[in-house]
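Architecture at a glance
As a plain string of letters, each chain reads:
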Amino acid sequence: MQGKGVIKFFAILLAVVCLYQLSFTWVAHKVENDAKVYSKGNPEREKAYLDSVSTLPVYPVFGHTYQYCLDRELALGLDLKGGMNVTMQISLRELVTSLSNNNQDVVFTQALTNAEKRSVTEQKDYITLFVDEYEKLAPNAKLAAIFANSNNQDKLKFNSSNSDVEAYLKDQANTAVQQSYTVLHTRIDQFGVTQPNIQLQKSTNRILIELPGVKEPERVRKLLQGSAKLEFYQTFDNTEVYGLLNNINGLIAAKNKTAKKDTVKADTAKAAQTATLAPKDSTGAAKQANSLINKLKNNTAKDSAGLNNKSQLADQAPLFAVLAPTVYQGQDGQPQLAPGPIVGRAAQKDTAKVNNYLRSADIQSVIPRNMKFLWGVKPEKGTKIFELYAIKLAGAENGPVLSGDVINDARADVDQQKGGFEVTMYMNAQGAQKWKTVTAEASAGANKQAIAIVLDDNVYSAPNVQNEISGGVSSISGGNFTQEDTKDLANVLKAGRLPAPARIIGEAVVGPSLGQEAISAGLLSCILGLVVILIFMVAYYKRAGTVAVVAVLINVFFLMGVLVSIRAVLTLPGIAGIILILGVAVDANVLVYERVREELGLGKSIRIAVADGFKHALPSILDANISTFLTGVILFLFGSGPIQGFATTLMIGIVTTLFCSLLISRLIFEYMLEKGWDITFSRPWSSHTFKNANYGFVKNRFKFYAFSGIFIIAGLISMFTRGFNYGVDFGGGHTYVIKFNQPVTTEQVHDAVDATLGRGTEVKTYGTDKISINTNYMINDNTPNADERVQAALIKALAANPATKINDKNILSHQKVEATIANEVKASAKWTIILAIIVISAYILIRFRKWQFSLGAMIATVHDSLLVLSFFSLFKDILPFSLDIDQAFIAALLTVIGYSINDTVVVFDRIREFLDHHHAKTDDPKVVINHAINNTLSRTIITAFTVVLILVILFIFGGDVIRGFSFALLIGVLFGTYSSICVASPVIIDFGKKDLK
């Protein structure tokens, strides 16, 4: 074997990298276990512990912080961790209406309505549909007359063509989507969840959001769907505010002291009377503030978890114990109050406490009415420290000096004079006049004031105003602005101008109990599958089987290490992918071992037989795995969420399988041969399995065609008459998984909910102790609290029967999908399957250079797809578990296609090999092909047996969430094995004729 040294080097390097990447998960879990031990079951105490150590080194030797390890641990999907998945769509109708200045023209309004109706069933974007409908209703009318105005005259003219207007509207739609993405990204940060995920899909005007671990779905819905509120505020300077904060600090300390002694509140009243706005001695105040900060630092150094000594400081200076005043060291070495609107800094974990202090009634009584405190939108770079701003309220209503609706445009630019990045802001005439007055006031005098840019009560930026700004064009720059910062700020500034609200069109809520159940079921099925496979390999292949065991274990280790290193999210379908990879890994070893056994049967030495076995098995292994890899690529490109997780696992697993099966296994065999070990590839009972088999697969092909044809025709009739059980992501609606307090039947649930939710409601068993309810009730209601009303109606309906009475805690998961996205998912699934068949057939054509092989592969994949679909339609209401058609089913179907091709390619490789050796005129291609099929029968049956065994374990122990998914895989593998032997290969005979000789 050549290149052994290089292979060993890469294997060791990969092992070290994987071990390092996996270690973050182990370290993070150790810290979390320590927190559980310390908290003794108190969730708040546990959270406080984790917050206190988030920035402390916990990783041995390298000194990585807990937060660093947490960001790099193995990420779990919602189906394993619980949480909420939301699909939001930007309301482009409201955007177009706004850009038209709320035009009330009848034709215009009708075109909007028609476009909205078509968007439910068609795949075109909303703007294209709107322009198309408008031109149908008013062929000679000009859209420019509706949309061109003084605010967009640089982009549209009154004589612009409809295509120009369409391009303008699409550009504004993309801008609105990007703005919403920025705003939503900011709002998501407020939930405090670990590893949130937000993805922008500009082509569909959608934003996909995953919030693992979030426990307040109602709050999420309200916050995500709220309108963006952009405002400009004047600010107070830190030197003006410190005295007030110092006196508030004393007020709180006196209040706490009084409460402890259980005496009258005389001290509190006295402290309140002494509260003033400005300190008499700002330098002395700064010294006091700096002293407090030093105490905090010293206290933290003595007690890294901040659990004991901190209480003493909290007694003396409760506010400054959690809010550090903003100071800097002057030229004389003395602390000084830092100028600017930032009046303090606090750790993220302490912001809620600061808010409670400042919002309490007695503290509010001493804060001037024209002052309020707001936090910065992001923590300081590389920390969890947030800045607190002092905002000056203006006017009789104590509001902002300017609202965001005066912004015409904002762009991320480069400062041509100073370099660096800046944002250029453009205002309308009304805003420009007001902005001139505001900036003149802020820039007057020696101390320049800052103007805070506030979105949803979070300060995005607070630039100092150097001069009066007239004309409505302003430049905003910051010393540490990055290009991304300026893009975000530009989007924020435009967010107040274009009212294009984002509404939820799909969501899934998974409770933590269901997630924990899924983890347990997934791990159990993984372990059982691994154990069964390893036992079988050793039992069947003896000592060579132990090599396969080692290779499979190394494969799983590499697979998990790579998944963690690329920050992949592990989902329940991903666990199913890992189990399936075990089957793929076994298949590669079986191919090699069966070849080695053939070479040994020819009388070759063990060393030569091993070398030739690997050599001759290589083409089959590569072709089979590449075709399956292509299936994974298509799944990754066109799937979403858990499906992408499954595809990622599948693709990475194929790569690690090839590395371990072809290289690591070979290294182990080379080592065993060098040591002179006795290597055996079979036991007495397994050495002659399917040897000299001579079944008439080709002769009986028409019987197989008849069986498949009858089954598929029956299935097609069922599809058109009975249809399928569509999952919520294909049919739309709400799906609830409920665990009742006592055993109930589907009939009892039906009787309780049909009168309220409608007789079209589906009620199905979900596992052994849960019920799944699928309903279209209020699915077209787009009001912000619609989902809460649906859930309330469901709970009220179930309460009619004492046996079915539940509360919110009984609902383990909830999924909602609107008809718009359901129709798109259907269309996407159809084209994904078609594309997979075409791509794989093209690959077969390139590899085998005969169209008969490609046609055989195409017919086999279509055949397998139709058989599985037919089965799911024919038996949809017969089997004791649901056979839903959903995205997970499509993933299973595509995996079946990949597996079927994997199987078929192995047989095709042997057919090609036999045809090359038997090409005389006297050789009958039918006999040659039948011999080739029988020659690979041992490998085909053994691989199918191991994969089926794994899928049976997954089906039984994998849990309710993926039972339908695993069953589709199981049925598909059986059909795929059948088609590769009985359909795909015989097809070559019927279409090959003389070309095969």
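Residues numbered from 1 in each chain as written. Predicted model: local features only at pLDDT ≥ 70, side-chain atom pairs only at ≥ 80, totals over all residues. Heavy atoms only, no water.

Comments concerning the overall build of the protein chain
Using the following cut-off: The helix count covers DSSP runs of H or I at least four residues long, the strand count covers runs of E at least two residues long, and both are numbered beginning at the N terminus. A simple rule labels every residue: compare its accessible area, found with a 1.4 Å probe on the protein chains alone, to the largest value its type can have, and call it buried under 20%, exposed over 50%, or partly exposed in between. Contacts are residue-level and defined by heavy atoms, with any inter-residue pair within 4.5 Å sufficient. Only the protein chains shown count as cover for residues, and the accessible areas themselves come from Shrake-Rupley with a 1.4 Å probe.
The helix and strand inventory of the protein chain stands at 33 helices and 25 strands. Counting across all 997 residues of the protein chain, residues that qualify as buried make up 54%. Residue pairs at least 24 apart in sequence account for 74% of intrachain contacts in the protein chain once pairs closer than 6 positions are excluded. For the protein chain, the exposed surface amounts to about 44,500 Å²; the carbon and sulfur share of it is 57%.

Things to note about the pattern of salt bridges
In a structure, side chains of opposite charge can pair up when their charged atoms sit close to one another. Filter applied, for reference: A pair is scored as a salt bridge if a Lys or Arg side-chain nitrogen falls within 4 Å of a carboxyl oxygen belonging to Asp or Glu.
Summed over all chains, the structure comprises 27 salt bridges. One salt bridge in this structure joins E133 and R118, with 2.8 Å as the shortest N-O distance. With E133 in helix α7 (residues 126-137) and R118 in helix α6 (residues 106-121), the pair connects residues that are 15 residues apart, well separated along the chain. Assessed through its relative accessible area of 8%, E133 is described here as buried. In this structure R118 comes out as buried when scored by relative accessible area, which is 15%. Among the ionic pairs, R607 bridges to E670, the shortest N-O distance being 3.9 Å. Linking R607 in helix α22 (residues 606-638) with E670 in helix α23 (residues 642-674), this pair joins segments that are 63 residues apart in sequence. The class of R607 is partly exposed, set by a relative accessible area of 43%. The buried category is assigned to E670, whose relative accessible area is 8%.

What about the packing of helix α5 (residues 92-99) against α7?
Counted only if it meets this: Axis definition: a line fitted to C-alpha atoms, over the contacting stretch in the case of helices. Angles run 0 to 180 degrees between N-to-C directions. Here the angle decides the label: under 35 degrees means roughly parallel, over 145 means roughly antiparallel, 65 to 115 means roughly perpendicular, and every other value means oblique. For any helix crossing, the convention is left-handed if the near helix is rotated counterclockwise from the far helix by under a right angle, and right-handed if that rotation is clockwise. Each residue is assigned to one class: nonpolar for Ala, Val, Leu, Ile, Met, Phe, Trp, Tyr, Cys and Pro, charged for Asp, Glu, Lys and Arg, and polar for all the others, Gly among them.
Two elements in contact, α5 and α7, have axes whose closest approach is 10 Å; the angle formed by their N-to-C orientations is 55°. The orientation of α5 with respect to α7, classified from their angle, is oblique. Two packed elements cross with a definite hand, and for α5 against α7 that hand is right-handed. Of α7, the residues touching α5 (which contributes L92, R93 and V96) are Y126, I127 and F130. By residue class, the composition of the contact of α5 with α7 is 5 nonpolar, no polar and 1 charged.

Brief notes about the side chain of S980
Basically, it comes down to this: Pairs of N or O atoms within 3.5 Å make up the polar contacts considered here, provided that, within protein, one atom can donate a hydrogen while the other can accept it, and that residues adjacent in sequence are counted only when both atoms are side-chain atoms.
Position of S980 among the secondary structure elements: in helix α33 (residues 963-992). For S980, the side chain forms a polar contact with the side chain of D903, separated by 3.4 Å. Ignoring any residue separated from it by four or fewer positions in sequence, one finds S980 in contact with S900, D903, T904, V907 and S985.

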